[in-house]
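# Examination of the molecular architecture
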Amino acid sequence: MDHQEGTKLYIDYGKCTHDGGKNENQDSLDAYLDDNRDLYCFAIADGLGTYRRGSKAATLAVASILGCLSGIESKPPGRWLHDAFHDAHHLLKDQNRVDPSLGKMKTTCSVVVLIQGKAYWASVGDSRIYVLRAGRILHRTKDHSVVQVLLDMGEIKPSEVRDHPDRNRVIRVLGMDEEMRPVVYSDGLALQPGDCLLLCTDGFWSCIDDDSIAAFIAAHHHMKAQAALDALFQDILSGAVEKGYGKYHDNLSAQLVFIRESA
């Protein structure tokens, strides 16, 4: 990856998923990394629905979006993200019409595209994208959820979000009956060495607050991304509440991307 000022950057990537306190893992995550095309894409989804239905929805959505990458150079990245989300949305709706026996397939989804040294992203639902720089959170996607609405209205405090009884009620997802509008960041963030991208499902971020995420990343940025993410999952799964983590009770998945300067 070539930085716009000529600094050669490379992608250090790690991923991890765990079924948490559930019998089935309905999260899906995958990535596309192509140094030759200077193109990288990271996708994560958290399925909703009956047994096996949610897992299938998340898997189909991630595969659909990554499968669209062949045409990304033909349109602006923001438009590509918008179209890729709508393709996945209509794929799930078509599947629902073909086989409605198990209930409707729906899923949250968050995607980051890195191309020519810039980052673009889109999301729907409550799977999040964090962009961190110099030890602080530079950007964080906003949840499409009931608790986010309550938070915006001032009816609950930020500290109440993770344990609220309506925490799992999302209001915008792929596969929904109504029109689906992803939120797309299309300006393109110029990446710098030391930047970090984190994609995660709600089962992950409900276990660790934003300040703890920033502190952990700052303290472990010297490690390889996979090793740092493994260490974070180990802390969460071991119940390290003294470090500010909550008890896991859901599938938890995350992708961690460190932007580094080539030697």
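Owing to the predicted nature of the structure, the values given are computational and were not obtained by experimental measurement. (Residues numbered from 1 in each chain as written. Predicted model: local features only at pLDDT ≥ 70, side-chain atom pairs only at ≥ 80, totals over all residues. Heavy atoms only, no water.)

Turning our attention to the overall build of the chain. Scanning the chain from terminus to terminus reveals six helices and 10 strands. Compactness check: the chain gives a C-alpha radius of gyration of 18 Å against a globular reference of 18 Å for 263 residues, within 12% of the reference. Per-residue burial over the chain gives 53% buried out of 263 residues. The long-range share in the chain, meaning contacts at least 24 apart out of those at least 6 apart in sequence, stands at 73%. When the accessible surface of the chain is summed, it comes to about 11700 Å², and 49% of that surface belongs to carbon and sulfur atoms. Between the averaged position of the 29 positive side-chain charges in the chain and that of its 37 negative side-chain charges there is a distance of 3 Å. (Helix = DSSP H or I, 4+ residues; strand = E, 2+ residues; numbered from the N terminus. Rg over C-alpha atoms; globule rule 2.2 N^0.38 Å. Buried < 20%, exposed > 50% of the residue type's maximum accessible area, 1.4 Å probe, protein only. Contact = heavy atoms within 4.5 Å. Areas by Shrake-Rupley, 256 points an atom, 1.4 Å probe, with all protein chains shown as cover. Lys, Arg positive; Asp, Glu negative; His and termini not counted. Charge placed at Lys NZ, Arg CZ, Asp CG, Glu CD.)

A separate point is the packing of helix α1 (residues 53-67) against helix α2 (residues 77-98). Where α1 meets α2, the axes come as close as 9 Å, and the angle between the chain directions of the two elements is 145°. The chirality of how α1 crosses α2 is right-handed. Touching R53, K56, A57, L60, A61, S64 and I65 of α1 are W80, A84, F85, D87, A88, L91, L92, Q95 and N96, all from α2. Residues of the contact of α1 with α2, tallied by class, amount to 10 nonpolar, three polar and three charged. (Axes fitted to C-alpha atoms, helices over the stretch in contact; angles between N-to-C directions. Left-handed = near helix turned anticlockwise from the far one by under 90°. Nonpolar A, V, L, I, M, F, W, Y, C, P; charged D, E, K, R; others polar.)

It is worth spelling out the state of the cysteines at this point. Following the criterion strictly, the structure yields zero disulfides and no others. Left unpaired, C196 is separated from the closest cysteine sulfur, that of C200, by 11 Å. Residue classification places C196 among the buried residues on the basis of a relative accessible area of 1%. Summary of cysteine pairing: C200 is not part of a disulfide, and the nearest cysteine sulfur, belonging to C207, is at 10 Å. You can call C200 buried: its relative accessible area is 0%. (Disulfide = S-S within 2.5 Å.)

Here the focus is the sheet that holds strand β1 (residues 9-18). Taken in spatial order, the five strands of this open sheet run β1-β10-β9-β6-β7, and their pairing is antiparallel. Each having just a single partner strand, β1 and β7 (136-140) make up the two edges of the open sheet. The sheet shows a mean angle of 20° between the axes of neighbouring strands, direction not considered. For strand β6 (residues 128-133) and strand β9 (residues 196-200), the ladder comprises five bridges, and the chain directions are antiparallel. Bridge pairing in β9 links V131 to L197. On top of the sheet, helix α6 (residues 225-237) reaches β1 and β10 (252-261); it is set at about 25° to β1, its chief contact. (Pairing = 2+ DSSP bridges.)

Within the structure shown, the criterion is met by three aromatic pairs. Between Y13 and F42, the aromatic rings sit 5.2 Å apart at their centres with planes inclined by 40°, giving tilted as the arrangement. One end of the pair, Y13, is in strand β1; the other, F42, is in strand β3 (residues 39-48), and 29 residues separate them in sequence. Under the relative-accessibility criterion, F42 is labelled buried at 0%. (Phe/Tyr/Trp six-rings, centres within 6.5 Å; stacked < 30°, edge-to-face > 60°.)

Right, let's talk about α1 for a bit. Taking 1.5 Å of rise per residue, the 15 residues of α1 would be expected to cover 21 Å, and the 21 Å separating its terminal C-alpha atoms lies within 8% of that figure. Looking at the buried side of α1, the elements it contacts are β2 (27-34), β3, α2 and β4 (106-115). (Expected span 1.5 Å × (residues − 1).)

It is worth spelling out the pairing of β9 at this point. Of all the five residues making up β9, five are buried; the element is thus mostly covered by neighbouring parts of the structure. Burial along β9 is two-sided: C196, L198 and C200 facing one way and L197 and L199 facing the other are all buried. Here five bridges tie β9 to β10, and the two strands are oriented antiparallel to one another. Residue pairing for β10: C200 is matched across the bridge by A254.

This is a description of form; function is not addressed.
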